[in-house]
Every structure is written in C-alpha cells, then in structure tokens.
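Survey of secondary and tertiary structure
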Amino acid sequence: FSGGTACKSQTAITPSTFNGTTNSPGDVNYICGTITMPANTTALTVNGSGTSGNPIIIRFDSGAMLTSPEWPPDGTSGAIDLGGNSYITIDGQGNSSGGGGIIEATLNGDPGATCLGGPCTYHGDSNAIEGSTNSTNITVEGLSIIDMYVATSPSPGGGTCIYSHGNISGWVIQNNFMHDAGWCVSLQYDSGPSNGV
C-alpha cells in the first residue's frame, strides 16, 4: 500500500466485496492507496448502521484517495453512498487546509474547462458523499473533496461534495477542504426534525 501505514498487515478487500458486506457497530474500515472507479460508478456503499458511541468508521489511510472521471449525481449515490444508515463517521484524517484523504473527480466540468485529468469531457452533477432519508448522526471530517465540477464562470449547476435529504439530524461536517463544486454541502430537510446539524 503505497504511502500508507494503517493498511499494512490488514486483510485487504476490493470495493465490490466491501459493498456486499454488512458492517456492525464499531467496525473500522480503511481506504488504502488509490481506488480508481469508472465514470458514474459508486465506489463504496455502506451497509449497516453503527450505534451511539460505536459508529461505523470509514477512515482514509495516509495518501488514500477515491478517484473517478465523474461520480454519480446527487440523488442517486455519489462516490460514497451511506444509504439510509446512521451513526457513520467518514474520517479523512486531514484538516481544513487539506492533507487528508481525497475524493476527486478528474474530468467533470464546463465544456472548455481544464480538469485534473485534462479537458473536462463530462458535464454532470458529480457527487462525493450521499446520505438519504434517515441518515442521521453522520460525521464527515478531515477530507479533501475536490473538482466535483470545474466551472469557467459562476453557474447554478454542477457537482456536490456532501448531499443528503430527509430527517437530517446529528450531522457533523468539520475540518474539510472542498473546492470546485456547485454546492459544498446540500442538506435538504424533506420532513421531520432538523436539529443538530
């Protein structure tokens, strides 16, 4: 595992194996190295919820990243799909200046714009992290979420870093470094309590 330390000597699984595994409260999962996904494909789908004091943790190892030309749009999943699960912590181990785990889209933006991987050839609403109805008590911290949508001028559309809707309570979003997105955080209250965000 290039650049990482926490993943050494651990059991390695593929994203597809993770997506078919149900996590239990207190489980800690590490993202190791660079995971490259095809365009419009979810990398990780969380199955199972944690509990108060025993969240399910997804932690980025040193130098780890999730990368794709374009992630699925908000409302459909994103790079990491939390589903309707609760008590989940995504820990990039960085700070608001960067330095932690990375979720990036490499080719998504305005026609004519220059993306990380060259000319922007995708033009959709790329999304990094998505919760859905009843995704409560979620923590997202220490991540760099970059280039969900590279725009050449201000526009009302294009990518989202963190998206959820429904009964959104207990969300903590802190010490993240986010840029080049239409919305860094889009939490939409469909109904029910909205306290604690």
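Residue indices follow the written sequence of each chain, beginning from 1 at its first position. For this predicted model, a pLDDT threshold of at least 70 governs which residues receive local features, and a threshold of 80 or more governs which side-chain atom pairs are given and counted, while totals over whole chains, interfaces and linings are taken from all residues. To get the side-chain values, take all heavy atoms of the structure and skip hydrogens and water.

Some remarks on the overall build of the chain
Working definition: helices are DSSP H or I runs of at least four residues, strands are E runs of at least two. Numbering for both runs from the N terminus. What the chain contains, in helices and strands, is one helix and 17 strands. When burial is assessed residue by residue, the chain has 49% of its 197 residues classed as buried. A separation threshold of at least 6 residues defines the contact pool for the chain, and within that pool the share at least 24 residues apart is 79%. Here, Shrake-Rupley sampling with a 1.4 Å probe gives the accessible areas, and only protein chains in the shown set may cover a residue. For the chain, the accessible surface area stands at approximately 8300 Å², while carbon and sulfur atoms represent 49% of it. Remark: exposure states derive from per-residue accessible area (1.4 Å probe, protein chains only) relative to the maximum for the residue type, with buried under 20%, exposed over 50%, and partly exposed in between. In this analysis, two residues are considered to be in contact whenever any of their non-hydrogen atoms come within 4.5 Å of each other.

Side note on unusual backbone geometry
Despite not being glycine, Gln93 has its phi angle at roughly 65 degrees, a positive value. Counting through the fold element by element, Gln93 comes out in the loop between strand S7 (88-91) and strand S8 (102-105). Phi is positive for Asp147, which is not a glycine, with a value near 60 degrees. Note that Asp147 resides in the loop between strand S13 (144-146) and strand S14 (160-165). Judged by its relative accessible area of 7%, Asp147 is buried.

A look at the nonpolar core
Among buried residues, those of type Ala, Val, Leu, Ile, Met, Phe, Trp, Tyr and Cys that are joined through side-chain atoms within 4.5 Å constitute a nonpolar core. In this structure, Leu66, Trp71, Ile80, Leu82, Ile103 and Ile129 are the most contacted members of the largest nonpolar core, which totals 32 residues. If you list the elements that add at least two residues to this core, you get strand S4 (56-60), strand S6 (80-83), S7, S8, strand S11 (127-131), strand S12 (138-141) and S14. In terms of residues, this core owes the most to one element, S4, which gives three residues.

Considerations on the pattern of salt bridges
Just to be clear on terms, a salt bridge is a Lys or Arg side-chain nitrogen sitting within 4 Å of an Asp or Glu carboxyl oxygen. Within this structure, the stated rule accounts for one salt bridge. The salt bridge involving Arg59 is made with Asp91; its shortest N-O contact spans 3.0 Å. Of this pair, Arg59 sits in strand S4 while Asp91 sits in strand S7, and the two are 32 residues apart along the sequence.

Re the sheet that holds strand S15 (residues 172-174)
A pair of strands is treated as paired once DSSP finds two or more bridges between them. Ordered by their spatial adjacency, five strands build an open sheet running S1-S4-S7-S12-S15, and the pairing between neighbours is parallel. Of all strands in the sheet, those bounded by a partner on one side alone are strand S1 (28-31) and S15. Adjacent strand axes in the sheet meet at a mean angle of 10 degrees, parallel and antiparallel pairs treated alike. For S7 and S12, the ladder comprises four bridges, and the chain directions are parallel. Each residue of the ladder has a partner; that of Ile88, found in S12, is Ile138. Orientation is described by axes fitted as lines to C-alpha atoms, over the contacting stretch for helices, and by angles from 0 to 180 degrees between their N-to-C directions.

As for the state of the cysteines
By definition, disulfides here are pairs of cysteine sulfur atoms that lie within 2.5 Å. In total, this model carries one disulfide according to the counting rule given. Covalent S-S linkage joins Cys115 and Cys120, the inter-sulfur distance amounting to 1.9 Å. The S-S bond linking Cys115 to Cys120 shows a torsion near 105 degrees; that makes this disulfide right-handed. Overall, the relative accessible area of 6% leaves Cys120 in the buried class. Here Cys161 stays free of any disulfide, with the sulfur of Cys184 as its closest cysteine sulfur at 4.6 Å. Of the residues examined, Cys184 reaches a relative accessible area of 34% and is grouped as partly exposed.

Regarding the side chain of Asp110
Mapped onto the fold, Asp110 is located in the loop between S8 and strand S9 (114-115). For the purpose of charge, His is not counted, nor are the chain termini; Lys and Arg are scored as positive and Asp and Glu as negative. Of the side chains with opposite charge, Arg59 lies nearest to the buried Asp110, which makes no salt bridge, at 35 Å. What qualifies as a polar contact is a pair of N or O atoms within 3.5 Å, subject to a donor-acceptor requirement within protein and to the restriction that residues adjacent in sequence count only when both atoms come from side chains. A polar contact of 2.8 Å, which involves the side chain of Asp110, links it to the backbone nitrogen of Thr152. Apart from the residues lying within four places of it in its own chain, the contact partners of Asp110 are Cys120, His123, Tyr149, Val150, Ala151, Thr152 and Ser153.

Digging into the sheet that holds S6
Strand order in the open sheet made by the five strands is S3-S6-S11-S14-S17, with parallel pairing throughout. Each edge of the open sheet carries a strand with a single partner, namely strand S3 (44-45) and strand S17 (183-188). In the sheet, S3 pairs with S6 via two bridges, with the strands oriented parallel. Residue pairing across strands places Thr45 opposite Asp81, the latter belonging to S6.

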